[in-house]
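Breakdown of the fold
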Amino acid sequence: MPRDSPGGSTGAAFFDVDGTLTTGTTLFRFLRYRFAAEGRPPQAYTQERQRLRAMTEAGVSRTHTNRAYFASYAHLNASYVAELAEEWFRAELATGGFLHDVAVTELRRHQAAGEPVVLVSGSFPALLAPLARLLGVDAVLATEPGIVLGHYTGDAALPMIGAAKGDAVRSWAAARGIDLSAATAYGDHVSDLPLLRATRRGVVVGGDRELRALAVREGRRLLPGPPPAPPQPLPASRWTARTTSAPA
């Protein structure tokens, strides 16, 4: 059953992840980690980033670039990706500086008030699972990559970007009797506006110039953005070819 907020209304808190709760982008930091673990040369990661950046610069929407991100996952064993994601996240925590303390403090405040907390992210479940477990959140609404017979297809049907975030929050809240007029959402990018506007209290964390300008006009609360992400820990190469199943 939903928990009651101090004011008596049943609310919740919804958090974007990349650039809000984390200082780095989970999708790309894991991709770099995975390529290193698979023995790919550094330029392989650079080329993949350039491919996706070129799409953005050409005006391709974040929804479509998010789907394109999963092309390099085609045929990968889902268990292998999940195991490597756990290893990657442990390495990030051991290095320190990957979590944005200001946003995590806000999250803990909502939990202390008895409100359910939900992650709403364009990232995907394998990467978000260890973060969700660490923070003790109630649910994760994320991009769901295609998986058939235990292997990634290389695509995603509905990336959790833009309007999809607002729709997912409204659907999740309606199914649980959550009053979105008593809820709060946190985001850092203009594409998070549907998420922020789905609740009564949308909070901008750092944010790009366009989002901050909108936040000021709409009277939204502003929080400091995260510091620069720390240098990324990379694993030693263990496999020399793209792995299609979990290594022994």
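What counts, and where the lines are drawn
Sequence order sets the numbering: in each chain, residues are counted from 1 along the sequence as written. For a predicted model such as this one, the threshold for reporting local features is a pLDDT of at least 70, and the threshold for listing and counting side-chain atom pairs is 80 or more; totals across whole chains, interfaces and linings nevertheless cover every residue. With hydrogens and water set aside, each side-chain value is computed from the structure's full complement of heavy atoms. What makes a nonpolar core is a set of buried Ala, Val, Leu, Ile, Met, Phe, Trp, Tyr and Cys residues whose side-chain atoms join them at distances within 4.5 Å. Burial status follows relative accessibility: with a 1.4 Å probe on protein chains alone, a residue under 20% of its type maximum counts as buried, one over 50% as exposed, and anything between as partly exposed. Under the scheme used here, helices are H or I runs from DSSP no shorter than 4 residues and strands are E runs no shorter than 2 residues, and both carry numbers assigned from the N terminus. Two residues form a contact once any of their heavy atoms are found within 4.5 Å. A pair of strands is treated as paired once DSSP finds two or more bridges between them. Think of each axis as a best-fit line through the C-alpha atoms, taken over the contacting stretch in the case of a helix, with angles from 0 to 180 degrees between the N-to-C directions.

Before going further, it helps to spend a moment on the nonpolar core. Counting 49 residues, the largest nonpolar core has Tyr69, Tyr73, Val81 and Phe124 as its most contacted members. When residues in this core are grouped by element, the largest group, eight residues, is from helix α4 (residues 78-95). Leave out the neighbours within four places in its chain, and Tyr69 touches Leu27, Phe28, Leu31, Glu48, Arg51, Leu52 and Phe124.

The phi dihedral of His75 is positive, around 80°, even though this residue is not glycine. Phi at Leu149 is positive, roughly 55°, even though this residue is not glycine. Take Leu149: it is sitting in the loop between β4 (145-148) and β5 (151-156). Look at Leu149 and you get exposed, because its relative accessible area is 81%.

Time to look at the sheet that holds strand β6 (residues 184-187). Here we have six strands laid out as an open sheet, ordered β3-β2-β1-β6-β7-β8, and parallel in their pairing. A strand with exactly one partner marks an edge of an open sheet, and here the two such strands are β3 (139-142) and β8 (221-223). On average, each strand axis in the sheet is tilted by 20° relative to the strand beside it, whichever way the strands run. Where strand β1 (residues 13-15) and β6 come together, three bridges link them in parallel fashion. Within β6, the residue paired with Phe15 across the bridge is Tyr186. Contacts from helix α9 (residues 209-218) reach β6, β7 (201-205) and β8, with the element oriented near 145° to β8.

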